[in-house]
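Structural characterization, general
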Amino acid sequence: MPSPRNWREIPARYRLEAARCRGCGKVVYPARRACPACRGQEFEKTMLSWKGKVVTSTVVQVAPTEFQMEAPYAVAIVETPEGARLMTQVVDCDPGAVQPGMEVALVFRLIRREGHGGILCYGFKAVPAA
Ligand SMILES: [Zn+2]
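Residues numbered from 1 in each chain as written. Predicted model: local features only at pLDDT ≥ 70, side-chain atom pairs only at ≥ 80, totals over all residues. Heavy atoms only, no water.

Across the sheet, which stays open at both edges, the three strands sit in the order β2-β1-β3 with antiparallel pairing between neighbours. In this open sheet, the two strands that pair with only one neighbour each are β2 (27-28) and β3 (43-47). Bridge count between strand β1 (residues 17-21) and β3: five bridges; the pairing is antiparallel. Note on β3: the bridge partner recorded for alanine 19 is lysine 45. (Pairing = 2+ DSSP bridges. Helix = DSSP H or I, 4+ residues; strand = E, 2+ residues; numbered from the N terminus.)

The protein atoms that coordinate the zinc ion are Cys21 (SG), Cys24 (SG), Cys35 (SG) and Cys38 (SG), at distances spanning 2.3 to 2.4 Å. Taken together, the four donor atoms surrounding the zinc ion define angles of 99 to 116° at the centre, an arrangement classified as tetrahedral. In the primary structure, the donors to the zinc ion are separated according to the pattern C-x2-C-x10-C-x2-C. Residue cysteine 21 is located in strand β1, and its partner cysteine 38 is located in the loop between β2 and β3; the two are separated by 17 residues in the primary sequence. A relative accessible area of 36% places cysteine 38 in the partly exposed class. (Donors = N, O, S within 2.8 Å, 3.2 Å for Na, K, Ca; no water. Tetrahedral: all angles 85-135°; square planar, octahedral: opposite > 155°, others 65-115°. Buried < 20%, exposed > 50% of the residue type's maximum accessible area, 1.4 Å probe, protein only.)

With that settled, consider the side chain of glutamate 17. Within the secondary structure layout, glutamate 17 lies in strand β1. Of the residues examined, glutamate 17 reaches a relative accessible area of 13% and is grouped as buried. Side-chain polar atoms of glutamate 17 contact the side chain of arginine 15, separated by 2.6 Å. Contacts of glutamate 17, omitting those with residues within four sequence positions, involve Pro11, Ala12, Tyr29, Lys45, Thr46 and Met47. (Polar contact = N/O pair within 3.5 Å; in protein donor to acceptor, adjacent residues only side chain to side chain. Contact = heavy atoms within 4.5 Å.)

Before going further, it helps to examine the pairing of β1. Most of β1 sits inside the fold, with four of its five residues counted as buried. Across two bridges, β1 lies against β2 in antiparallel orientation. Paired with alanine 19 across the bridge in β2 is valine 28.

Okay, the layout of surface pockets next. Estimates place the volume of the largest pocket at around 960 Å³. In terms of lining, the largest pocket is formed by 29 residues, of which the most central are Arg5, Glu9, Arg13, Tyr29 and Phe124. Of all the secondary structure elements, the ones that give two or more residues to the lining of the largest pocket are α1 (4-8), α2 (10-15), β1, β3, β5 (73-79), β6 (85-90), β7 (103-114) and β8 (119-128). For the lining of the largest pocket, the leading source of residues is β6, giving four residues. Tallied by class, the residues present in the lining of the largest pocket amount to 16 nonpolar, five polar and eight charged. (1 Å grid on protein atoms, 1.4 Å probe; cavity = no way out; pocket = protein on both sides within 12 Å on 5 of 7 lines; lining within 4 Å. Points joined across faces, edges and corners; volume = space filled by probe spheres on them. Nonpolar A, V, L, I, M, F, W, Y, C, P; charged D, E, K, R; others polar.)

Further remarks concern the side chain of threonine 46. Within the element layout of this structure, threonine 46 appears in strand β3. For threonine 46, the side chain forms a polar contact with the side chain of arginine 20, separated by 3.4 Å. Residues in contact with threonine 46, not counting those within four places in the same chain, are Leu16, Glu17, Ala18, Ala19, Arg20 and Val27.

This part is about unusual backbone geometry. Along the chain, tyrosine 29 connects to proline 30 via a cis peptide bond; the corresponding omega equals -10°. Among the secondary structure elements, proline 30 is positioned in the loop between β2 and β3. In this model, alanine 71 is joined to proline 72 through a cis peptide bond whose omega is -5°. As for its placement among the helices and strands, proline 72 is situated in the loop between β4 (51-60) and β5. Of note, arginine 39 is a non-glycine position whose phi angle comes to about 70°, a positive value. Here arginine 39 falls in the exposed class, since its relative accessible area comes to 59%.

This is the structure we're talking about:
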């Protein structure tokens, strides 16, 4: 069943909307109540670049049911030029070839179908930078 959480996350997942701390400038994604760096609670909306670098990655061999058809696949923590870190699937390449430091582009893709109605959930994935 499509969850309220899914709707709430749309600005972040569809537009890579993040939050910049007014206290120290740290960019957090997704937005949260308190800055992990300075505990500040005032943020302004900011957009992330659709690119980044792999910080760390792993290859998922045994996937949750909804992603079984895609296994094995690479999941990575990607850091954008703004300093935000996000977890994403890395596609369009050999999962074993994904390494720290690899430049990636973030692209808008179908993530999964949700529920019996087959509601399509979109979001971002990473692909090797051209
Ligand atoms: Zn801060």
